[in-house]
Structure formats: structure tokens, C-alpha cells
Amino acid sequence: RGSSSVSELVSESGKVITRDRKELDRMLDHMNIIVDNPCVVLDQENSKKFLKGNDFDKYNFFLKATDLLRIYETIQETKIQIEGLRGKINSAMMLLPNLHKQVEHAEYVLE
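The text that follows walks through the structure, step by step, so that each part is easy to find.

Here we take up the overall build of the protein chain. Scanning the protein chain for helices and strands turns up four helices and two strands. For the protein chain, whose C-alpha radius of gyration is 26 Å, the value lies well above the compact-globule estimate of 13 Å for 111 residues. Projected onto the principal axes, the alpha-carbon positions of the protein chain cover approximately 80 × 45 × 25 Å. Split into buried and exposed, the 111 residues of the protein chain put 11% on the buried side. Counting every atom, the protein chain has about 10000 Å² of accessible surface; 58% of that belongs to carbon and sulfur.

What follows is the structure, given as C-alpha cells:
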């Protein structure tokens, strides 16, 4: 993510399991651990934003803390995928009459 820090997953005995950041991200996602949730880790900068912030800043804090922002973004991505799938379904439906005719012709030929 543009930083030079290294992430390591380490076993109980101290053995490095992996240095792959994607593996760490998958594990955090699986366990529903939101590292940038301001209620989990409230650093000085975010606490100032919350205490001195306007209503918009506090609302964004709420969205992050409740994970509603991520859920909203997931819903938006899903809507886009649904529209793409609807287009594919419509295209396939337009091909069906011709395919039915081909099947009927093939059945006629086989008889």
C-alpha cells in the first residue's frame, strides 16, 4: 500500500509462516477484524478529528466504526455486477429461440 513496512505472520513458536500481505488481509477479512476501524485503534489524529470535528467528520467516524461504509461500498459493487449479469442474461435469452430451432432441426434429422 505504498509503505515500506513488512508484514509477517508468525507461528506460536516464532517461525515465519508468510510475508505475503494478501494472506494477512485474507485472515483479517475472514475474522472480520477491521484494523482501520477508529473504535479499535483510535490514534491521536483521529481522536482530534472526532472531538473537534464537524457533523460530517463524526458521521464518517460512525460509518467506519460500524463498518457501514464497507458494506455500502460492497452493495454498490454488487449492484454493478448484477447489472452486468442482467445484460449477459438478456443476450443469452435473445439467442434461445435460434438455439431451440437448431435443436428441433437436429432432432428432426436424427429421426
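Once you've had a look at it, read on.
Further remarks concern unusual backbone geometry. Positive phi values are uncommon outside glycine, yet D67 reaches one of about 70°. Mapped onto the secondary structure, D67 falls in the loop between α3 (55–66) and α4 (68–110).

About the cut-offs
- Residues numbered from 1 in each chain as written.
- Predicted model: local features only at pLDDT ≥ 70, side-chain atom pairs only at ≥ 80, totals over all residues.
- Heavy atoms only, no water.
- Helix = DSSP H or I, 4+ residues; strand = E, 2+ residues; numbered from the N terminus.
- Rg over C-alpha atoms; globule rule 2.2 N^0.38 Å.
- Buried < 20%, exposed > 50% of the residue type's maximum accessible area, 1.4 Å probe, protein only.
- Areas by Shrake-Rupley, 256 points an atom, 1.4 Å probe, with all protein chains shown as cover.

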